Amino acid sequence: MNRRTLLQSAGVAAIVGLAGCIDGVQEHFGLQGIVPIEIHSEADRTYNLHLQAYDREADRRSYEQSIAVTPGESVKPPNLDKTEQSLRIARIDDNDEETEVREVSITSTTQVVKIQLSDDGLAVEVDHGDDAENETGVDGDENRTVDTGGNETDDGAAE
């Protein structure tokens, strides 16, 4: 056996041996990964969105973005960290008031967050991968939405 074959075999063996350690190394050094956010508008007008994420363990805000989405536009804001957190999406009206709020959970298995905007409302879908059940956004204020007149109404059920 020549030296080149021996070194090649040793390199392959080392890589195979370390392959099972990648998750442990990522966890040890805090390399959790990212969760992309995709926003698509089917609305006839521009809407403003405010996105906030709260880290559940540290009890602090971990993400905040304000985005204006024009009709027919698809937007990819900065990614979320793949950690245990709550994401709150609020649609903002022309008077800087929240007209519609959705809250979803982000976990280590979350693959992508999809936000669909229309003139009728705001829909949020969270893909937690193949093995987990996907989640849709629920009203952030205990099943209440705010109508355009600024009055709070009780929907009675989460959308």
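Residues numbered from 1 in each chain as written. Predicted model: local features only at pLDDT ≥ 70, side-chain atom pairs only at ≥ 80, totals over all residues. Heavy atoms only, no water.

## A short note on the confidence of the model for the chain
- Averaged over all residues, the pLDDT of the chain is 78; the fraction at 70 or higher stands at 71%.
- Below pLDDT 50 for its whole length, residues 141–159 participates in 31 contacts with residues either more than four positions away or in separate chains. (pLDDT = per-residue confidence, 0-100. Contact = heavy atoms within 4.5 Å.)

## Concerning the packing of aromatic side chains
- Counted according to the given criterion, the structure contains 0 aromatic pairs.
- Geometry around tyrosine 47 places arginine 91 over its ring, the cationic atom sitting 4.4 Å from the centre. (Phe/Tyr/Trp six-rings, centres within 6.5 Å; stacked < 30°, edge-to-face > 60°. Lys NZ or Arg CZ within 6 Å of the ring centre and 35° of its normal.)

## What to know about the pattern of salt bridges
- By the definition in use, this model includes 7 salt bridges.
- Between arginine 45 and aspartate 94 there is a salt bridge; the shortest N-O distance is 3.2 Å. One end of the pair, arginine 45, is in the loop between strand S2 (37–41) and strand S3 (47–55); the other, aspartate 94, is in the loop between strand S7 (85–92) and strand S8 (98–106), and 49 residues separate them in sequence.
- According to the relative accessible area criterion, arginine 45 is partly exposed, its value standing at 35%.
- In this structure, arginine 56 and glutamate 84 form a salt bridge, with 3.3 Å as the shortest nitrogen-oxygen distance. With arginine 56 in the loop between S3 and strand S4 (60–69) and glutamate 84 in the loop between strand S6 (80–81) and S7, this pair connects stretches of sequence that are 28 residues apart. (Salt bridge = Lys/Arg side-chain N within 4 Å of Asp/Glu carboxyl O. Helix = DSSP H or I, 4+ residues; strand = E, 2+ residues; numbered from the N terminus. Buried < 20%, exposed > 50% of the residue type's maximum accessible area, 1.4 Å probe, protein only.)

## Comments concerning the pairing of S3
- S3 sits mainly inside the fold: 7 of its 9 residues count as buried.
- Direction of pairing for S3 relative to S4: antiparallel, over a ladder of 9 bridges. Across the sheet, histidine 50 pairs through a bridge with serine 66, a residue of S4.
- Linking S3 back to S4 in an antiparallel pair, the connection comprises 4 residues, with aspartate 59 at a positive phi of about 50°.
- With 8 bridges connecting them, S3 and S7 associate as antiparallel partners. What sits directly across from asparagine 48, in S7, is isoleucine 92. (Pairing = 2+ DSSP bridges.)

## Some thoughts on the nonpolar core
- Grouped together as the largest cluster of nonpolar side chains are 23 residues, with contacts concentrated most on Leu49, Leu51, Leu87, Ile89, Val113 and Ile115.
- Those elements that provide at least two residues to this core are S2, S3, S4, S7, S8, strand S9 (112–118) and strand S10 (121–127).
- Per-element tally for this core: the top contributor is S3, with 4 residues.
- Excluding residues within four positions of it along the chain, isoleucine 89 makes contact with Leu49, His50, Leu51, Glu100, Val101, Arg102, Val104, Ile115, Leu122 and Val124. (Core = buried A, V, L, I, M, F, W, Y, C linked by side-chain atoms within 4.5 Å.)

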